[in-house]
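# Structural characterization, general
The primary structure of each chain is shown beneath.
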Amino acid sequence: MGAAEKLVQWNPTDIKAELIKKYPPKVARKRAKQIMINEALENGTPEITANVRTIPGIITMRGCTYAGCKGVIMGPTRDIVNLVHGPIGCSFYAWLTRRNQTDAGPEGPDGENFMNYCFSTDMQDQDIIFGGEKKLEQAIQEAYDLFHPKSIAVFATCPVGLIGDDIHTISRQMKEKLGDCNVYAFSCEGYKGVSQSAGHHIANNQVFRHIVGENDKPVEGKYKINLLGEYNIGGDGFEIDRVFKKCGITNISTFSGNSTYEQFATAHQADLNAVMCHRSINYVADMLETKFGIPWIKVNFIGANATAKSLRKIAAYFEDQELIDKVEAVIAEEMPDVEAAASEILPRTGGKTAMMFVGGSRAHHYKELFDELGMKTISAGYEFGHRDDYEGRRVLPHIKVDADSRNIEEIVVEADETRFSPRKSEEELKALEEGGLKFKDYEGLAPDLEEGTLIIDDLNQYEAEKLVELMKPDIFCAGIKEKFSIQKLGVPMKQLHSYDSGGPYAGFKGAINFYKEIDRLVNSRVWSYMKAPWQENPQLSGTFVWE
Amino acid sequence: MLLRHTPKEISERKALTINPAKTCQPIGAMYAALGIHGCLPHSHGSQGCCAYHRSTLTRHYKEPISAATSSFTEGASVFGGQANLTQAFNNIFTVYNPEIVAVHTTCLSETIGDDLPQIRKKAIKEGKIPEGKEVIGASTPSYVGSHVTGFSNMVKAMTDLAEPTGKKNGKINLIPGWVEPCDMEELKRLTKLMGVGTILFPDTSGVLNSPLTGEYKMFPAGGTTVAELKSTADSMGTLALGEWCSADAARQLDKKHKVPCTVLDMPFGLKATDRFIEALRTIAGVNVPDEIMTERGQLVDLISDMHQYFFHKKVALVGDPDQVIAMTEFLVSIDMCPVHIVTGTPGKKFEKRIREITADMPFEVNVKAKGDFFLLHQWMKNEPVDLLISNTYGKYIARDEDVPLIRWGFPILDRQGHQYFPTVGYKGGLRLLEKILSAIMDRKDRDDPETKFELVL
């Protein structure tokens, strides 16, 4: 169906009312605060409720703290043995299911890569009754004897927290015993916090506490950065690294796509931190600044224009004409292919509409790609975002800390006695800010969306289905759990957590991939087959007579 | 090498599981519950469990998997999950209006000791469960058994609905175990051909292979109805397919309502299907129709045609106990040699059954219940095989060891069609044979030198 034929009119207030109509009053009240109609942008965005508990019985998109910690943050690091302490399920479900790609090739055929393995203490009922500490200790020893990894990370699952196994002490003792293996633990039980977001925080705290800064061996490179919040789903990180390399930018460490232990350990030597996913990792950026003096800027490598803009930001920061020229040359070289692809596809995608409910920054990032396809984002939201991801960091001082957030440790970092060195002086930073480069800043999703757009936090299955029925988008983006219920409605669903089988979508080449993929999805013939011929025209007016 | 760190030398591991050949109970309970018509599975624990189970089932079946959760946070973990579950019932019946909610526990709610029957009673009293709606519950701690145990526990919980009326219904209960929706459909086709009236439970056909029509139904047309489940107490008898998946429910009906039961192997392959048909014949006192005789003969015919390629080929096999037992027997029956056999689900009976089935093999068979993929891989390094039969996780081993792989079991994440093409019964046997032959011959065509590359094989 072409965009011109489509006559779906809606009023966001009516849609919102319709979404919450069926709920019991208490649920309706709560959900009403998590559904925001984007309006009155000039007066500041209206407030949304986010990062609050999901409602029991309401089918949520969210996962748990363990998923955020082990699955999202630590999962993509190839040479750390990730040992899950708990019954088998948690370990099994996080085993290769996030499409984090990695390349151990540069280290030769024996390059360490434990990502294809799944390690668990597989706790049994006797471990729950009598405690699992001995088993964990033994499992760490067995993993060490078999693989001799440089590091073992231990993850707690729900029952471990309940029975009180002291995973941190065991890890410390095993680290001392083994000598050449850094062992540390994450208290990331699934019931902590209200979503994956708590797990990101727990993971980042421990990475910062136990790994970052462990290796002072100098890293070579003229323009040294870290890329924070990029997980190399479908090879995104590979494409971003390709572009960096072409520009002459040295990416010391990606947190944590295609990463290694040593990359984390040397990350404190970077001169700039570029933050992709604000939600999952703004803590690390802040801590790196406080402890080592490295400033951070928000970047986005999803979308060709966004990539060019982010590269220019990085070049502007280093204030070096050689880099500025190189970046411009790379953009000039890469863009023609992107523009050619866009101009070919735009006539088929222009004017179409999209909805996105993913992650805690992704929905924002992908809006840029849909813009490039001439597609309008009519509703968006985050699975586990906080208010600052919607409304920008300016609301940070006003966010009320509730009991669930208080359970998540905040670590206090101070300037490192010997290694703290501000990369830029106050004056330099101020001058750069005046030139338009914003440090430590993120404006959030809302200002980037049109007025009247429905912004929905922690969307659930019922609302998703209603939204699609009422607003009839040309494409819906979310995760695997949502995929098939949306497609049953005859609307294509693109996974933006794991990208289905596609990717990369980051950088210049990624943008072209995405254009092609969205073209394929919104213009697929399959969506025209929902009704059989006899359903299109059910009235029989006569019989067919064979002559 | 994808699994480059796996050493050939086998060392004993007491505490560390590497690359598990099983997962946890609740996912099995969720799959079983989806086989009841109008049922919303509910996971009593923190929301992550439910999300993981839905994701994994979705990836395998390529269908929407709706399930709710009690969404525990720290407070519920300390004070108990009663308030969360009661609130969940209210929300579920108001918003989704299912016929029945099937609650299963998780490690979390089991460890804190939430009492499902008590919470259910209280919720009924408080009007949170409307009249005419059902709630069943299964205890499925993740630190006991495996996903197979969880499936079995939820099927057993279904028998709680059984209500004898004093009047026999003339049917037999058929418990299929954890098989694909298309397998359940095939079992129904076979019993219909035999003229045997059945209550098949659970029955995910029509639920997890529903058509694409532009409409989304949270509760599609398929599934065993609550009325049918109630009627199971009035059946002539119960046929339970698979000791691990189905026997407990069958024995429960026998114990509680005197419905006699027989436990058979899952009907994969010739002999197990023969025993299944024979059982139907004797229980219902019917003749085997010509159509089924033809199907059987076709399977035997294909075995004889393909025999030359199968004879004494070595196979490594990993999966769930009921399926693996039947598959081992099938492989032996076509003169293949299953040499390494692993299941992740614990149970001494498994090793015993496999030993019996492979007793005549001219070599030592490696078998382990509560083994893992890592051990299987080490065995394969020590004694290579011609074929690996496994779920999708086997593909890493298959590539490293350059062994053809047949995807069979749960989960299959990287191929499609398994939802639609049954592997049970005689027709399922044809499909299995075709898959095995294709895997072996594709490899031969790839590997043969030019001089040996032939048109007619």
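What you see is a predicted model, and the numbers here were worked out from it, not measured in a lab. (Residues numbered from 1 in each chain as written. Chains lettered and ligands numbered in written order. Predicted model: local features only at pLDDT ≥ 70, side-chain atom pairs only at ≥ 80, totals over all residues. Heavy atoms only, no water.)

## So, the overall build of chain A
When helices and strands are counted, chain A shows 22 helices and 14 strands. Scaling as 2.2 N^0.38, a compact globule of 547 residues should have a C-alpha radius of gyration of about 24 Å, and chain A matches this with 25 Å. Per element, the accessible surface of chain A, about 21200 Å² overall, is 51% carbon and sulfur. (Helix = DSSP H or I, 4+ residues; strand = E, 2+ residues; numbered from the N terminus. Rg over C-alpha atoms; globule rule 2.2 N^0.38 Å. Areas by Shrake-Rupley, 256 points an atom, 1.4 Å probe, with all protein chains shown as cover.)

## Quick look at the overall build of chain B
Counting its regular elements, chain B contains 17 helices and 14 strands. The C-alpha atoms of chain B give 23 Å as radius of gyration, which agrees with the globular expectation for 457 residues (23 Å, within 12%). Judged by the C-alpha coordinates and their principal axes, chain B covers about 80 × 55 × 45 Å. Out of the 457 residues in chain B, the part that is buried amounts to 63%. (Buried < 20%, exposed > 50% of the residue type's maximum accessible area, 1.4 Å probe, protein only.)

## Section: the side chain of Glu180 of chain B
As for its position among the elements, Glu180 of chain B is in the loop between β6 (172-175) and α8 (181-194). No salt bridge is formed by the buried Glu180 of chain B; the nearest opposite charge belongs to Arg431 of chain B, separated by 8.1 Å. (Lys, Arg positive; Asp, Glu negative; His and termini not counted. Salt bridge = Lys/Arg side-chain N within 4 Å of Asp/Glu carboxyl O.)

## Some words on the layout of surface pockets
All names here are of chain A. Quantified by volume, the second largest pocket comes out at close to 960 Å³. Contributing to the lining of the second largest pocket are 36 residues, with Asn51, His386, Ile399, Val401 and Ser405 lying nearest its centre. Within the residue set of the lining of the second largest pocket, elements represented by two or more residues are α9 (196-210), α12 (278-292), α16 (387-391) and α17 (403-406). Classifying every residue of the lining of the second largest pocket gives 14 nonpolar, 11 polar and 11 charged. (1 Å grid on protein atoms, 1.4 Å probe; cavity = no way out; pocket = protein on both sides within 12 Å on 5 of 7 lines; lining within 4 Å. Points joined across faces, edges and corners; volume = space filled by probe spheres on them. Nonpolar A, V, L, I, M, F, W, Y, C, P; charged D, E, K, R; others polar.)

## A look at the interface of chain A and chain B
Taken together, the contact pairs 79 residues of chain A with 76 residues of chain B. Carbon and sulfur atoms make up 62% of the area that chain A and chain B hide from each other, which totals about 6900 Å². The three residues of chain A that bury the most area against chain B are Pro56, Tyr93 and Lys488 of chain A, which together make up 12% of that side's buried surface. Lys488 of chain A is paired through a salt bridge with Glu63 of chain B; the nearest N and O atoms lie 3.0 Å apart. At the junction of chain A and chain B, the tally comes to 38 residue pairs in polar contact (both at pLDDT 80 or more). (Contact = heavy atoms within 4.5 Å. Buried area = accessible area lost by both parts, 1.4 Å probe. Polar contact = N/O pair within 3.5 Å; in protein donor to acceptor, adjacent residues only side chain to side chain.)

## Notes on α12 of chain A
Residue and element names in this part refer to chain A. Over its 15 residues, α12 runs 20 Å from end to end, which matches the ideal 21 Å to within 8%, given 1.5 Å per residue. Counting buried positions along α12 gives 12 out of 15 residues, so the element sits mostly inside the fold. Among the residues of α12, those classed as buried are His278, Arg279, Ser280, Ile281, Asn282, Tyr283, Val284, Ala285, Asp286, Met287, Leu288 and Phe292. Downstream of α12 by a residue or two, Gly293 has a phi angle that is positive, lying close to 85°. (Expected span 1.5 Å × (residues − 1).)

## So, empty space enclosed by the protein
Residue and element names in this part refer to chain B. Inspection of the entire model under this criterion finds eight cavities of 30 Å³ or more. Its boundaries defined by the atoms lining it, the largest cavity holds a volume of some 200 Å³. Glu180, Asp183, Trp408, Gly409 and Thr423 are the residues nearest the centre of the largest cavity, which is lined by 20 residues in total. For the lining of the largest cavity, the elements supplying multiple residues, two or more each, are α8 and α17 (425-447).

## With respect to the sheet that holds strand β7 (residues 198-200) of chain B
All names here are of chain B. Ordered in space as β7-β6-β8-β9, the four strands form an open sheet in which the pairing is parallel. Edge strands, defined here as strands with exactly one partner in the open sheet, are β7 and β9 (261-264). Put simply, the sheet's adjacent strands are angled 20° from each other on average, direction ignored. Examined bridge by bridge, strand β8 (residues 237-241) and β9 share four bridges and lie parallel to one another. From the neighbouring strand, Thr238 faces β9, where its bridge partner is Cys261. Lying on the sheet, α8 is in contact with β6, β7 and β8; it crosses β7 at an angle near 175°. (Pairing = 2+ DSSP bridges. Axes fitted to C-alpha atoms, helices over the stretch in contact; angles between N-to-C directions.)

## A short note on helix α13 (residues 321-333) of chain B
Residue and element names in this part refer to chain B. Over its 13 residues, α13 extends 18 Å from the first C-alpha to the last, a length consistent with the 18 Å expected when each residue adds 1.5 Å. For α13, the tally of buried residues reaches 12 of 13 residues, placing the bulk of the element in the interior. All buried positions along α13 are accounted for by Pro321, Asp322, Gln323, Val324, Ile325, Ala326, Met327, Thr328, Glu329, Phe330, Leu331 and Val332.

## Points about the packing of aromatic side chains
Counted under the stated rule, the structure contains 38 aromatic pairs over all chains. Ring plane angle 20° and centroid distance 5.5 Å describe the contact between Tyr93 of chain A and Tyr52 of chain B, whose orientation is recorded as stacked. With Tyr93 of chain A in helix α4 (residues 88-93) and Tyr52 of chain B in helix α2 (residues 47-61), this pair bridges two chains. Taken together, a centroid distance of 3.9 Å and an interplanar angle of 15° make the contact between Trp95 of chain A and Tyr393 of chain B stacked. Here the residue Trp95 of chain A occupies a position in the loop between α4 and β3 (119-120), and Tyr393 of chain B occupies one in the loop between β13 (387-390) and α16 (395-401), the pair thus bridging two chains. In this structure Trp95 of chain A comes out as buried when scored by relative accessible area, which is 3%. Of the aromatic side chains, those joined through ring pairs into one cluster are Tyr66, Phe92, Tyr93 and Trp95 of chain A together with Tyr52, Phe373 and Tyr393 of chain B. (Phe/Tyr/Trp six-rings, centres within 6.5 Å; stacked < 30°, edge-to-face > 60°.)

## A word on a nonpolar patch on the surface
A contiguous nonpolar surface patch, about 270 Å² in accessible area, is contributed by Val526 and Tyr529 of chain A together with Leu212 of chain B. Residue Val526 of chain A is classed as partly exposed on the basis of its relative accessible area, which comes to 32%. (Patch = residues over 30% accessible without salt bridge, like charges linked within 9 Å, V, L, I, M, F, W, Y side chains within 5 Å.)

## Examining the environment of Glu186 of chain B
Residue and element names in this part refer to chain B. The topology assignment puts Glu186 in helix α8. By relative accessible area, Glu186 is classed as buried at 6%. Considered as a pair, Glu186 and Lys121 are 65 residues apart in the sequence and their alpha carbons are 38 Å apart. Setting aside anything within four residues of it in sequence, one finds Glu186 in contact with Pro422, Val424 and Lys427. Within the structure, Glu186 has its side chain in polar contact with the side chain of Arg189 (distance 2.8 Å).

## Here's the deal with the pairing of strand β2 (residues 81-85) of chain A
Residues and elements named next belong to chain A. A large share of β2 lies buried, amounting to five of its five residues. On β2, burial covers both faces: Val81, Leu83 and His85 on one face and Asn82 and Val84 on the other are all buried. Of the pairings in the sheet, the one linking β2 to β3 comprises two bridges and is parallel in character. Looking at the pairing, Val84 lines up with Ser120 of β3.

## What to know about the packing of helix α1 (residues 25-33) of chain B against helix α7 (residues 147-158) of chain B
All names here are of chain B. Packing of α1 against α7 brings their axes to within 6 Å, and their N-to-C directions diverge by 45°. It follows from the interaxial angle that α1 and α7 lie oblique. Taken as a pair, α1 and α7 cross one another with a handedness that is right-handed. Every residue of α7 that contacts α1 at Gln25, Ile27, Gly28, Ala29, Tyr31, Ala32 and Ala33 is listed here: His147, Thr149, Gly150, Phe151, Asn153, Met154, Val155 and Met158. Across the contact of α1 with α7, the residue classes tally to nine nonpolar, six polar and no charged. (Parallel < 35°, antiparallel > 145°, perpendicular 65-115°, else oblique. Left-handed = near helix turned anticlockwise from the far one by under 90°.)

## Details of the sheet that holds strand β5 (residues 134-138) of chain B
All names here are of chain B. Strand order in the open sheet made by the four strands is β3-β2-β4-β5, with parallel pairing throughout. Each edge of the open sheet is held by one strand with a lone partner, namely β3 (68-69) and β5. In the sheet, strand β2 (residues 39-44) pairs with β3 via two bridges, with the strands oriented parallel. Across the sheet, Ser43 pairs through a bridge with Thr69, a residue of β3.

## What to know about the pattern of salt bridges
A pair can form between side chains of opposite charge whenever their charged atoms are brought close. For the structure on display, the rule yields 66 salt bridges over all chains. Between Glu463 of chain A and Arg31 of chain A there is a salt bridge whose closest N-O contact spans 2.7 Å. Of this pair, Glu463 of chain A sits in helix α19 (residues 461-471) while Arg31 of chain A is found in helix α2 (residues 25-34), placing the two residues 432 residues apart along the sequence. Relative accessible area serves as the criterion here: at 0%, Glu463 of chain A is assigned to the buried category. The buried category is assigned to Arg31 of chain A, whose relative accessible area is 1%. The salt bridge involving Arg407 of chain B is made with Asp414 of chain B; its shortest N-O contact spans 2.8 Å.

Such coordinate-based values are descriptive only and should not be taken to indicate function.
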